Amino acid sequence: MRLYLNAADSQSPTEVSLDLEIRVPERDTPPNGFPAVLYCPGLRGNPEILNSAIIEHFSRHGYVSGVIRYKEIQPNTPEHSWVRPLDRVHEAVRSIGVMSSRDDVDANRIGIYGLSYGGPVAICAASLAVNIRAAVSVAGPGNGWRMMRTMRSRAEWSIFVAR
């Protein structure tokens, strides 16, 4: 089962929406719910194909799985090319909250999985969300500051740091 959520967080003073795709295993829900995993994607690639394939893999193996469609990579949004690392971390933490509140999820068995630039996002989110029991970073950058700097011109970097 595929669910596409665009949930406003009632605890957020700005009511920022969260775009989250969730897949639920197609089998009976265990008494305590399914374990869950949130996938944090990287910066590039084909998100529609890769992201869906990854969460489908987790779902086939008995996990409620989710993937965030980060705001800055949404087409036709202002500044869609700006990557704000802490915004991604906060979206991941909020997504974990949404997933853990589901009746079909065992809130004591939640993990987070990040690929490439999503790796450090997953690790940072795991340090903030107390209900994350496992975190995996695959091929994450070793120096995020340097990576972010090399993606921008000097002028763009100055603007980015000022934000």
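We now turn to the structure provided with this report. (Residues numbered from 1 in each chain as written. Predicted model: local features only at pLDDT ≥ 70, side-chain atom pairs only at ≥ 80, totals over all residues. Heavy atoms only, no water.)

## What to know about the nonpolar core
Which entries qualify depends on this criterion: Residue types Ala, Val, Leu, Ile, Met, Phe, Trp, Tyr and Cys, when buried and joined through side-chain atoms within 4.5 Å, form a set referred to as a nonpolar core. The rule is simple: take the accessible area with a 1.4 Å probe, protein chains only, and divide by the maximum for that residue type; under 20% is buried, over 50% is exposed, in between is partly exposed. Only DSSP runs of H or I covering at least 4 residues are called helices, and only runs of E covering at least 2 are called strands; the numbering of each starts at the N terminus. By the convention used here, residues are in contact when the closest approach between their heavy atoms is within 4.5 Å.
Formed by 27 residues in total, the largest nonpolar core has its most connected members in Leu38, Cys40, Val64, Ala92, Met99, Ile112 and Val121. Listing elements by their share of this core, those giving two or more residues are strand 2 (17–23), strand 3 (34–40), strand 4 (64–68), helix 2 (85–100), strand 5 (105–115), helix 3 (118–128) and helix 5 (154–162). Dropping the residues within four chain positions of it, methionine 99 is found in contact with Leu20, Ile22, Ala36, Val37, Leu38, Val64, Ser65, Gly66 and Val105. Counting seven residues, the second largest nonpolar core, distinct from the first, contains Val37, Tyr39, Ile54 and Phe58.

## Concerning the pattern of salt bridges
Any two side chains of opposite charge can pair, on the condition that their charged atoms come close. Keep this limit in mind: Any Lys or Arg side-chain nitrogen located within 4 Å of an Asp or Glu carboxyl oxygen qualifies as a salt bridge.
By the definition in use, this model includes four salt bridges. As a salt-bridge pair, arginine 102 and aspartate 104 come within 2.8 Å of each other at their nearest N and O atoms. With its nearest N and O atoms 3.1 Å apart, the salt bridge here joins arginine 109 to aspartate 106. The exposure class of aspartate 106 is buried, given its relative accessible area of 12%. Connected through salt bridges with shared partners, the residues Glu21, Arg23 and Glu56 form a single ionic network.

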